[in-house]
Amino acid sequence: MGGPFRRSWPAGGGPARATVRAGMRDVLLVADVAWVVDAVRAALDGGGYRVSVAADPEGAAGRWQEESPAAVLVDLQVGSR
């Protein structure tokens, strides 16, 4: 599977923590507004997705390294309240 996307790992050769759940896919949501978080959770919870939330880019970077999610969804207006 070679494609245009490649993942590079931090020094150490892999993610800080790898979690495997049968049938469960992790999604990281970067959003700082409650209604956005609620809407995304409502759409994805129950559909085989586990949604974790970071309210800012710094928190998102840390969670991405810790959780190694399958997808990251970003509210492009984070921090623009």
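In short, a report on the structure. Small disclaimer: the values here were computed from a predicted structure and weren't measured. (Residues numbered from 1 in each chain as written. Predicted model: local features only at pLDDT ≥ 70, side-chain atom pairs only at ≥ 80, totals over all residues. Heavy atoms only, no water.)

Thoughts on the pattern of salt bridges
Right, so step 1: A full pass over the atoms with the stated rule returns 2 salt bridges.
Right, so step 2: The closest approach of N and O atoms between Arg50 and Asp26, which form a salt bridge, is 2.9 Å. Here Arg50 is found in strand S2 (residues 49-54), whereas its partner Asp26 is found in strand S1 (residues 25-30), with 24 residues between them in sequence.
Right, so step 3: Residue classification places Arg50 among the partly exposed residues on the basis of a relative accessible area of 27%.
Right, so step 4: Linking Glu67 and Arg63 is a salt bridge whose minimum nitrogen-to-oxygen distance equals 3.1 Å. Of the two residues, Glu67 and Arg63 are both situated in helix H2 (residues 57-67); the distance of 4 residues between them amounts to about one turn of the helix. (Salt bridge = Lys/Arg side-chain N within 4 Å of Asp/Glu carboxyl O. Helix = DSSP H or I, 4+ residues; strand = E, 2+ residues; numbered from the N terminus. Buried < 20%, exposed > 50% of the residue type's maximum accessible area, 1.4 Å probe, protein only.)

Some points on helix H1 (residues 34-44)
Right, so step 1: Three or more residues of H1 are buried, namely Val36, Val37, Val40 and Leu44. Viewed along the axis of H1, the buried residues span an arc of 100°, placing them on a single side of the element. Among the exposed residues of H1, those pointing more than 90 degrees away from its buried face are Ala34, Trp35, Asp38 and Ala42.
Right, so step 2: Structurally, H1 contributes buried residues whose contacts are with S1, S2 and strand S3 (71-74).
Right, so step 3: Taken from the residues just after H1, Gly46 is the one with a positive phi, measuring 85°. (Arc of directions from axis to C-beta. Contact = heavy atoms within 4.5 Å.)

Some thoughts on the nonpolar core
When a protein is soluble and globular, its nonpolar side chains tend to lie buried together.
Right, so step 1: Among the nonpolar cores identified, the biggest contains 8 residues, and these are Val27, Leu29, Ala31, Val36, Val37, Val40, Leu44 and Val51.
Right, so step 2: Listing elements by their share of this core, those giving two or more residues are S1 and H1.
Right, so step 3: Per-element accounting of this core gives the leading share, 4 residues, to H1.
Right, so step 4: Residues within four places of Ala31 in sequence aside, it is in contact with Val36, Val37, Val53, Ala54, Ala55, Asp75 and Val78. (Core = buried A, V, L, I, M, F, W, Y, C linked by side-chain atoms within 4.5 Å.)

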